[in-house]
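# Observations on the three-dimensional arrangement
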Amino acid sequence: SSARGTGRCSAGEVMRSLMRLVSGYPFVDTQCGAKIFRRSLAENLFKRRFISRWLFDVELLLRIPRGDLWRVSELPLRFWHDVPGSKLTWRDTFRILPDLLKIAIHRRSVL
């Protein structure tokens, strides 16, 4: 069930907002849909080891230099089949927040 229209935010909506805030990037949803990279950009993005095993997709997008954002296409899903247990819970959110912080701090230190 969705929290839309109920006046309550879901854990997923809160995380999407936090990830947009941390990155400053225009991606609608870092986890859902496809992100398409040119090979030259992808090779550079995958050179280093990842900090988080849970936020791989977010970390990958945060590795994109601002000047290269135009080289990434975001293709949203046309259809979604909800799989029970696949939605982010509030408990998950609190577990992955430290990883998001580590990624943000690391990103600032390398820029």
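Notes on the structure follow. Given the structure is predicted, the values throughout are model-derived calculations rather than measurements.

## Concerning the overall build of the protein chain
- Helix and strand counts for the protein chain stand at four helices and two strands.
- Each helix and strand of the protein chain, placed in order from N terminus to C terminus, yields the pattern α-β-α-α-β-α.
- Expected size for 111 residues packed as a compact globule is a radius of gyration near 13 Å; at 15 Å, the protein chain falls within 12% of this value.
- The principal-axis extents of the C-alpha atoms in the protein chain amount to approximately 40 × 30 × 20 Å.

## Quick word on the pattern of salt bridges
- Summed over the entire model, instances satisfying the criterion amount to three salt bridges.
- Residue arginine 39 pairs with glutamate 43 through a salt bridge whose shortest N-O separation is 2.9 Å. Highlighted residues: arginine 39 and glutamate 43, both in helix 2 (residues 39-45), separated by four residues, approximately one helical turn.
- Overall, the relative accessible area of 46% leaves glutamate 43 in the partly exposed class.
- For the salt bridge of arginine 63 with glutamate 59, the shortest nitrogen-to-oxygen distance reads 3.3 Å.
- The class of arginine 63 is buried, set by a relative accessible area of 12%.
- Classification of glutamate 59 by relative accessible area gives buried; the value is 3%.

## Some thoughts on the nonpolar core
- Judged by nonpolar contacts, Tyr25, Phe27, Leu41, Leu45, Leu60, Leu61, Ile64, Leu69 and Val72 together constitute the single largest core of nine residues.
- Setting aside its immediate chain neighbours within four residues, leucine 61 contacts Tyr25, Phe27, Thr30, Lys35 and Phe37.
- Grouped together as the second largest cluster of nonpolar side chains are eight residues, Met15, Met19, Leu55 and Val58 included.

## Description of helix 1 (residues 11-23)
- The terminal C-alpha atoms of helix 1, which comprises 13 residues, lie 18 Å apart, in line with the 18 Å expected from a rise of 1.5 Å per residue.
- The set of residues buried in helix 1 consists of Ala11, Gly12, Glu13, Met15, Met19 and Ser23.
- Downstream of helix 1 by a residue or two, glycine 24 has a phi angle that is positive, lying close to 75 degrees.

## Here we look at the environment of arginine 39
- Exposure remark for arginine 39: the relative accessible area of 66% places this residue in the exposed category.
- Linking arginine 39 and tryptophan 54, residues 15 residues apart in sequence, is a C-alpha distance of 24 Å.

Rules and cut-offs
- Residues numbered from 1 in each chain as written.
- Predicted model: local features only at pLDDT ≥ 70, side-chain atom pairs only at ≥ 80, totals over all residues.
- Heavy atoms only, no water.
- Helix = DSSP H or I, 4+ residues; strand = E, 2+ residues; numbered from the N terminus.
- Rg over C-alpha atoms; globule rule 2.2 N^0.38 Å.
- Salt bridge = Lys/Arg side-chain N within 4 Å of Asp/Glu carboxyl O.
- Buried < 20%, exposed > 50% of the residue type's maximum accessible area, 1.4 Å probe, protein only.
- Core = buried A, V, L, I, M, F, W, Y, C linked by side-chain atoms within 4.5 Å.
- Contact = heavy atoms within 4.5 Å.
- Expected span 1.5 Å × (residues − 1).

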